Amino acid sequence: MQGDDPRSYRDFGDLRVIPRAQPRTVLVANAKGGCGKTTLATNLAAWFANRDKATALMDFDPQGSSAHWLKLRPDAAKPLSGIAAYGRVSGTETRSFRNRLPRHVERVVVDSPAGLTGTDLYDRISDADLILVPILPSPIDIHSAANFIREIEMTGALREQNKQLLVIANRVRRNTIMFSTLNAFLSELGLPRVTYTRDSQLYTRAAAQGMGIADLLGAQVEQEKSHWNRIGGWIEHQLALRQQHRQQMLQR
Ligand SMILES: Nc1ncnc2c1ncn2[C@@H]1O[C@H](COP(=O)(O)OP(=O)(O)OP(=O)(O)O)[C@@H](O)[C@H]1O
Ligand SMILES: [Mg+2]
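Position labels on residues start from 1 in each chain and follow its written sequence. Throughout, the order in which chains and ligands are written sets their labels, letters from A for the former and numbers from 1 for the latter. Confidence filtering applies because this is a predicted model: local features only for residues at pLDDT of at least 70, side-chain atom pairs given and counted only at 80 or more, and all residues used for totals across whole chains, interfaces and linings. Only hydrogens and water are set aside; all other atoms, that is, all heavy atoms of the structure, feed into the side-chain values.

(A) Quick look at helix α2 (residues 65–72). Buried residues of α2: S66, A67, W69 and L70, and no others. Down the axis of α2, the sector holding all buried residues measures 155 degrees, keeping them to one side. Any two residues whose heavy atoms approach within 4.5 Å at even a single point are treated as in contact. Strands here mean DSSP runs of E at least two residues long; helices mean DSSP runs of H or I at least four residues long; both are numbered from the N terminus. In this fold, the buried residues of α2 make contact with α1 (37–50), β4 (55–59), β5 (81–84), β6 (107–111) and α8 (201–207). Throughout this description, buried means an accessible area under 20% of the type-specific maximum (1.4 Å probe, protein chains only), exposed means over 50%, and partly exposed covers the range between. This arc describes the spread of directions from the helix axis toward the C-beta atoms.

The structure is reproduced here in structure tokens:
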């Protein structure tokens, strides 16, 4: 085996170099405020943690909502590391030192602030393996999401760096006209639509305890859990494909 699997090595004659595992990074972003970035970021981090992936939640939003959620997380829940990437660096500290990941982290979920644009947007995309864009099924949100996706496409980062973008319809009430409008919008853009998350008090209740849907037990969470298994499963599949692609490039 080759590549950056922790058990793998590259053989350079007598010298065996054991590369460190590279974490896979998922960016959650949308310039529009209140569309569910923090909700999706924290729920995805909880999903990875419940799959026993060593996961870090990185918060670039000065509001610090993800960092606050993590403080509420009970000791009994699957562990997550947190990195408060917002704010100025102080004294002699560098940004990369402040944002360094704990060793052995396998998945990083990045929560980003509303209004992400320009070079900050480009940098966040460059650091990510996959981009999740939550959209609320309302005319204003669909309109502004279209502009945001256009801006992402204009950076060229997705094409250059061969990255997938996944739109998730958040707070969906099924069978509404807006849900169908959103579906039509996604197919027009040629973007994959994996699933949606329901508008449910389960999210607010879980968040108040530093938890995500994947942490919850009981019959009433089964349906929402199945959505998360589809979202998480799709993401894992895309990350594996990207990894395969990188290994093929390395072996050339
Ligand atoms: N699927 C959902 N069902 C019910 N409530 C939700 C859902 N998703 C988000 N919310 C609620 O909507 C509000 C906004 O969500 P959230 O904080 O995740 O958005 P955001 O995009 O991170 O906002 P900001 O731009 O301010 O960072 C929160 O009160 C959250 O609990
Ligand atoms: Mg937020």
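Still more to cover.
(B) Inspection of the pattern of salt bridges at higher detail. We define a salt bridge as a side-chain nitrogen of Lys or Arg found within 4 Å of a carboxyl oxygen belonging to Asp or Glu. Taken as a whole and judged by the stated rule, the model has 10 salt bridges. The shortest N-O distance in the salt bridge between R198 and E224 comes to 2.9 Å. One end of the pair, R198, is in strand β9 (residues 193–198); the other, E224, is in helix α9 (residues 222–251), and 26 residues separate them in sequence. Residue classification places R198 among the partly exposed residues on the basis of a relative accessible area of 24%.

(C) Expanded view of unusual backbone geometry. Phi at D52 is positive, roughly 60 degrees, even though this residue is not glycine. Residue position: D52 is located in the loop between α1 and β4. The phi angle at R171 is positive, at roughly 60 degrees, despite the residue not being glycine. With respect to the element layout, R171 can be found in strand β8 (residues 164–172). On the basis of relative accessibility, which here comes to 46%, the residue R171 falls in the partly exposed class.

(D) Up close: the pairing of strand β7 (residues 130–135). Across the 6 residues of β7, 6 count as buried, placing the element largely inside the fold. Burial along β7 is two-sided: L130, L132 and P134 and I131, V133 and I135, pointing in opposite directions, are all buried. One bridge is not enough; two strands pair if DSSP finds at least two bridges between them. The pairing of strand β3 (residues 24–28) with β7 spans 3 bridges and is classified as parallel. Bridge pairing links V28 to L132 in β7.

(E) Up close: the side chain of S112. With respect to the helices and strands, the residue S112 is situated in the loop between β6 and α4 (118–126). Residue S112 is classed as buried on the basis of its relative accessible area, which comes to 1%. When near neighbours in sequence (up to four residues on either side) are disregarded, S112 contacts L27, V28, A29, K37, F60 and D61.

(F) Just the nonpolar core, in detail. Only buried residues count toward a nonpolar core, which is a set of Ala, Val, Leu, Ile, Met, Phe, Trp, Tyr and Cys residues joined through side-chain atoms within 4.5 Å. Grouped together as the largest cluster of nonpolar side chains are 35 residues, with contacts concentrated most on I125, V133, I135, I152, V167 and F185. Elements represented by at least two residues in this core include exactly β4, β6, α4, β7, α5 (139–155), α6 (157–161), β8 and α7 (177–189). Setting aside residues up to four positions removed in sequence, V167 forms contacts with V133, I135, I149, L186, L191 and P192. Ranked by size, the runner-up nonpolar core spans 32 residues in total, among them L44, L202, A206 and I235.

(G) The arrangement of α1 in detail. The span one expects for a helix is its residue count, reduced by one, times 1.5 Å. Taking 1.5 Å as the rise per residue, α1 with 14 residues should run 20 Å; its terminal C-alpha atoms sit 20 Å apart, in good agreement. Burial runs high along α1: 11 of the 14 residues are buried. Along α1, the positions that sit buried rather than exposed are K37, L40, A41, T42, N43, L44, A45, A46, W47, F48 and A49. Of the residues trailing α1, D52 is marked for its positive phi of about 60 degrees.

(H) Geometry of the packing of α1 against α9. Comment: axis = line fitted to C-alpha atoms, over the contacting stretch for helices; angle = value between 0 and 180 degrees taken between N-to-C directions. Direction vectors running N to C along α1 and α9 enclose 75 degrees, while the axes themselves pass 10 Å from each other. Compared by their axis directions, α1 and α9 come out roughly perpendicular. Each of L40, N43, L44, W47 and F48 in α1 lies in contact with α9, whose residues at this interface are W228, N229, G232, G233, I235 and E236. Each residue receives one of three labels: charged for Asp, Glu, Lys and Arg, nonpolar for Ala, Val, Leu, Ile, Met, Phe, Trp, Tyr, Cys and Pro, and polar for the others, Gly being one of them. Each residue belonging to the contact of α1 with α9 can be placed in one class, and the counts come to 6 nonpolar, 4 polar and 1 charged. Relative orientations are named as follows: roughly parallel for angles under 35 degrees, roughly antiparallel for angles over 145 degrees, roughly perpendicular for angles from 65 to 115 degrees, and oblique for any other angle.

The analysis is restricted to geometry; functional conclusions fall outside its scope.
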